[in-house]
Amino acid sequence: MCAMTKETTRRDILKSGLALAGVGLLGIPEWALPALAQGETLVPFTDLPDNINWVPAADRRLYDVRTIDGVFTPRDKWFTTQHYGHPDIAPAAYRLKVSGMVERPLSLSLDELKKMRSTDLVFGFECSGNRRPIQGLSSNGRWTGVPLREVLNRAGVKDDAREFVFFGADHGDEDVEFRGNTFKVDQQFGRSLPREKALSGEPILAYALGGEPLTRHQGFPVRLLVPGYYGVCNVKFLAEIHAQHDPYLGKYQARWYRTLRGETINGQVHWKEDAVTHMQLKSWIARVTNAGNRHHVFGIVLNDGTPIRTVEVSIDGGPWQAAKLDPETMKEKCGWKLFTYAWMGATPGEHTLVSRVIDVNGQVQPTSEEIANKKTFLEDNSQHPRKVMIA
Ligand SMILES: Nc1nc2c(c(=O)[nH]1)N[C@H]1C(S)=C(S)[C@@H](COP(=O)(O)O)O[C@H]1N2
Ligand SMILES: [Mo]
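Residues numbered from 1 in each chain as written. Chains lettered and ligands numbered in written order. Predicted model: local features only at pLDDT ≥ 70, side-chain atom pairs only at ≥ 80, totals over all residues. Heavy atoms only, no water.

Peer 1: Tell me what's going on with the sheet that holds strand S22 (residues 349-359), and back it up with residues and numbers.
Peer 2: The antiparallel open sheet is built from 4 strands, whose spatial order is S19-S18-S22-S23. Among the strands making up the open sheet, the edge pair consists of strand S19 (321-322) and strand S23 (386-390). Of the strand pairs in this sheet, strand S18 (residues 308-315) and S19 are connected by 2 bridges, and their pairing is antiparallel. Across the sheet, residue Val313 finds its bridge partner in S19, namely Gln321. (Pairing = 2+ DSSP bridges. Helix = DSSP H or I, 4+ residues; strand = E, 2+ residues; numbered from the N terminus.)

Okay, structure coming up:
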């Protein structure tokens, strides 16, 4: 709500031509400026590939974080990825089924869902494959939906239901390998949550983004959102919730989104394979701009909702300096947190800028060397040294 007001304010200011003069006086935070204000230029990142394909396929889109001009990602710019394309779902025919170990199996229409108590959730997430140098698989939104717990309570979850599987309406042919045999099966996209998480009151079944129906890319008509979790957990085109006793081991739960990490336990390295769940503590520099002799560094912080203590920036290997966390975005537990840093006295030539975030528990965003024991490319939350060229 307050964010909507902010957007309007910014636009009004721009219209009235006070864009630059009014910034300090009106207290408009620096990140609320358009990507490029009058007289401002984008400082090129020299670590970005020359010709990035921002829309590499019909079902994929990267978000160019250098163009960010507000807290919320515009609906038509949201990053997207899907594994089985977009299922066509007619809203009138849509039903969300709740099946398995429940007292009352349900089949809810979109209208029935919308009549239930709704809640708003500011939630930004990234695909667990989001990483340097592009960092384009992340976006931030204000969602509306029904708390998952309310739907599950309506169905009456049985005591021995331990696992909740969320199936999308999308599906495709998969090869399931087993001891030298390959079985071809038609699988739905599926992810699961343990009972404690499903009934925690946190996840929602969202039907709106930015106050409007979900886009096709974002999972029309209904998607699961698990605040603080990586993209893959947020099942789009949600068709069925199935309560069961045993762990669900479908491809997108147990195989395709898996992190292999070496952990030292009692002096011995144990190789652990985990499903991708909560987001790791991460920050990255999204944009550097120049106006006169000032350089503005702007970046994004993302994590699982653990409160943030500080973000720091280091230039050319120099000491860590505190960046400024935007107080508005800090209010939202699971939204993007934005930060700015005023870089004074930048000299012509190439420079390396890097950010790191520290949470209230003292956990520090690691360097890539510090997570060298993580073997799959997913969950890369390493500090990202950005190379920039000052003219
Ligand atoms: N039904 C369904 N849900 C899905 C997917 C999918 O392929 N099918 N992809 C997941 C992955 S890997 C990510 S990163 C996010 C992307 O969400 P977005 O397209 O809204 O950005 O959706 C997740 N939910
Ligand atoms: Mo993903």
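Peer 1: Give me the packing of aromatic side chains: which residues, what numbers.
Peer 2: The description of two aromatic rings rests on the distance between their centres and on the angle between their planes. Counted under the stated rule, the structure contains 11 aromatic pairs. Summarising the aromatic geometry, the rings of Trp78 and Phe79 are spaced 6.0 Å apart at their centres and angled 20 degrees between planes, so their arrangement reads as stacked. Taken as a pair, Trp78 and Phe79 share a single burial class, namely buried. Both rings, one in Phe167 and one in Tyr248, keep their centres 5.9 Å apart while their planes meet at 90 degrees; by these two values the pair is edge-to-face. Placement of the pair is Phe167 in strand S8 (residues 163-178) and Tyr248 in the loop between strand S13 (238-244) and helix H6 (251-255), with a sequence separation of 81 residues. (Phe/Tyr/Trp six-rings, centres within 6.5 Å; stacked < 30°, edge-to-face > 60°. Buried < 20%, exposed > 50% of the residue type's maximum accessible area, 1.4 Å probe, protein only.)

Peer 1: I'd like a rundown of unusual backbone geometry, residues and numbers included.
Peer 2: The phi torsion of most residues other than glycine is negative, and most of the peptide bonds are trans. Following Arg132, the chain continues to Pro133 via a peptide bond in cis, the omega torsion being 0 degrees. The amide bond that connects Phe220 to the next residue, Pro221, takes the cis arrangement and shows omega of 5 degrees. Residues other than glycine seldom take positive phi values, yet Phe237 does so here, at roughly 45 degrees. Tracing the backbone shows Phe237 in the loop between strand S12 (223-225) and S13. For Phe237, a relative accessible area of 2% gives the class buried. With a phi close to 55 degrees, Glu379 is a non-glycine residue in the positive phi region.

Peer 1: Any chance you could break down the domain arrangement of the protein chain for me, citing the residues and the numbers?
Peer 2: What the domain assignment lists for the protein chain is domain 1 (11-66 + 277-390) and domain 2 (75-257). If you average the C-alpha positions of domain 1 and of domain 2, the two centres end up 29 Å apart. Residue-level contacts link 35 residues of domain 1 with 38 residues of domain 2. Buried surface at the junction of domain 1 and domain 2, both sides included, amounts to about 3,100 Å², of which 56% is carbon and sulfur. (Domains from an automatic or database assignment. Contact = heavy atoms within 4.5 Å. Buried area = accessible area lost by both parts, 1.4 Å probe.)

Peer 1: Go over the environment of Val232, please, and point to the residues and values.
Peer 2: Among the secondary structure elements, Val232 is positioned in the loop between S12 and S13. With relative accessibility at 9%, the residue Val232 sits in the buried group. Measuring from C-alpha to C-alpha, the distance between Val232 and Tyr94 comes to 22 Å, with 138 residues separating the pair along the chain. When near neighbours in sequence (up to four residues on either side) are disregarded, Val232 contacts Phe189, Arg191, Tyr252, Tyr257 and Val276.

Peer 1: Quick one: what's the story with a nonpolar patch on the surface, residue by residue and with numbers?
Peer 2: On the surface, Phe178, Phe183 and Val185 cluster together into a nonpolar patch covering about 270 Å² of accessible area. Here Val185 lies in strand S9 (residues 181-194). (Patch = residues over 30% accessible without salt bridge, like charges linked within 9 Å, V, L, I, M, F, W, Y side chains within 5 Å. Areas by Shrake-Rupley, 256 points an atom, 1.4 Å probe, with all protein chains shown as cover. Salt bridge = Lys/Arg side-chain N within 4 Å of Asp/Glu carboxyl O.)

Peer 1: With reference to specific residues and values, describe the site of ligand 1.
Peer 2: Taken together, the neighbourhood of ligand 1 is formed by 20 residues, with Phe79, Thr80, His83, Asp170 and Lys236 sitting nearest. Residue Asp170 places a side-chain N or O atom 2.7 Å away from a nitrogen atom belonging to ligand 1. Relative to its free-state accessible area of 540 Å², ligand 1 is covered by the protein chains to the extent of 100%. For the shell around ligand 1, the residue count by class is 9 nonpolar, 8 polar and 3 charged. (Near = heavy atom within 4 Å. Polar contact = N/O pair within 3.5 Å; in protein donor to acceptor, adjacent residues only side chain to side chain. Nonpolar A, V, L, I, M, F, W, Y, C, P; charged D, E, K, R; others polar.)

Peer 1: I'd like a description of the sheet that holds strand S1 (residues 41-42), backed by residues and values.
Peer 2: The strand order across the open sheet formed by 5 strands is S1-S16-S17-S21-S20, and the pairing between neighbours is antiparallel. The strands lining the two open edges of the sheet, one partner per strand, are S1 and strand S20 (324-325). Two strands pair when backbone bridges link them, and strand S16 (residues 282-291) and strand S17 (residues 294-302) are joined in this way by 9 bridges, in the antiparallel orientation. Bridge pairing links Ser283 to Val301 in S17.

Peer 1: Go over the pattern of salt bridges, please, and point to the residues and values.
Peer 2: Per the stated rule, a full pass over the model turns up 14 salt bridges. A salt bridge links Arg386 to Asp47; the shortest N-O distance between them is 3.5 Å. Pair noted here: Arg386 is in strand S23 and Asp47 is in the loop between S1 and strand S2 (60-61), with a separation of 339 residues, a long-range link. In this structure, Arg386 and Asp47 share a single accessibility class: buried. A salt bridge links Lys272 to Glu263, with the nearest nitrogen and oxygen atoms 3.3 Å apart. Overall, Lys272 belongs to the partly exposed group, its relative accessible area being 32%.

Peer 1: An account of helix H4 (residues 148-155) is requested, with residue identities and associated values reported.
Peer 2: Of all the positions in H4, only Leu148, Val151, Leu152 and Ala155 are classed as buried. One face of H4 carries all of its buried residues, which in axial projection span an arc of 95 degrees. Note on H4: the residue one or two positions beyond its end, Gly156, has a positive phi of about 75 degrees. (Arc of directions from axis to C-beta.)

Peer 1: Account for the pairing of strand S21 (residues 337-344), with residues named and values stated.
Peer 2: Counted residue by residue, S21 has 6 buried out of 8 residues, so it is predominantly covered. By the bridge criterion, 8 bridges tie S17 to S21 in an arrangement that is antiparallel. The residue bridging Phe298 from the neighbouring strand is Thr340, located in S21. Alignment of S20 against S21, held across 2 bridges, turns out to be antiparallel.

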